[in-house]
Amino acid sequence: MAQLDLMSAFRRRNWTKKSMVTAWLMRRVVSNERQEAGIMMIVVSVLVFTGALVAALTTIAMMVAPQWRRILHLATGHIEPAFTPLATLVVAERRIAVRRWAAGSPAPSLVRRRVAA
């Protein structure tokens, strides 16, 4: 029934059978172009988001890879000792003072003064 309505509409406009086929083909081509444009947009979107995902995962992997042992150690519940650089410096200076005292020699600046005199 719908086909007869379509044909009668073409006859009312005095179109021939050839123009009816041409009109049908044009509608198909336009709809195919729209479908192709939609498919291309989907493909481009998938590629862009895939690239962003790969970049994000690569960045995360580069940040985690050097510290993976430390991360696993902390994740298993081991507490990391506190970092106190001044305490380390104090211990080192005490060692130096003890070595100087044990050597029984005066401070290096006094030795240089005596040699220069």
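Note that the structure is a prediction, hence the values are computed from the model and not measured.

Reading the values: the criteria
Residues numbered from 1 in each chain as written. Predicted model: local features only at pLDDT ≥ 70, side-chain atom pairs only at ≥ 80, totals over all residues. Heavy atoms only, no water. Helix = DSSP H or I, 4+ residues; strand = E, 2+ residues; numbered from the N terminus. Buried < 20%, exposed > 50% of the residue type's maximum accessible area, 1.4 Å probe, protein only. Areas by Shrake-Rupley, 256 points an atom, 1.4 Å probe, with all protein chains shown as cover. Patch = residues over 30% accessible without salt bridge, like charges linked within 9 Å, V, L, I, M, F, W, Y side chains within 5 Å. Salt bridge = Lys/Arg side-chain N within 4 Å of Asp/Glu carboxyl O. pLDDT = per-residue confidence, 0-100.

All right, on to the overall build of the chain then. The number of helices and strands found in the chain is five helices and zero strands. Scanning the chain from its N terminus toward the C terminus, one meets helices and strands in the order α-α-α-α-α. Taking all 117 residues of the chain together, 2% fall into the buried category. A total accessible area of about 11100 Å² is found for the chain, and carbon and sulfur atoms account for 68% of it.

What follows concerns a nonpolar patch on the surface. Residues Leu53, Leu57, Ile60, Met62, Met63, Val64, Trp68, Ile71 and Leu72 make up a contiguous nonpolar surface patch of about 930 Å² in total accessible area. Breaking the nonpolar patch down by element, the ones donating at least two residues are helix H2 (17-64) and helix H3 (68-75). The biggest single contributor to the nonpolar patch is H2, with six residues. Within the secondary structure, leucine 57 sits in helix H2. The exposure class assigned to leucine 57 is exposed, which follows from its relative accessible area of 51%.

Turning our attention to the confidence of the model for the chain. The predicted coordinates of low-pLDDT regions are not to be read in fine detail. Residues of the chain with pLDDT of at least 70 account for 62%, and the chain-wide mean is 76. Model confidence for the chain, summarised as mean pLDDT per element, is weakest for helix H1 (residues 2-12) at 56 and strongest for H3 at 89.

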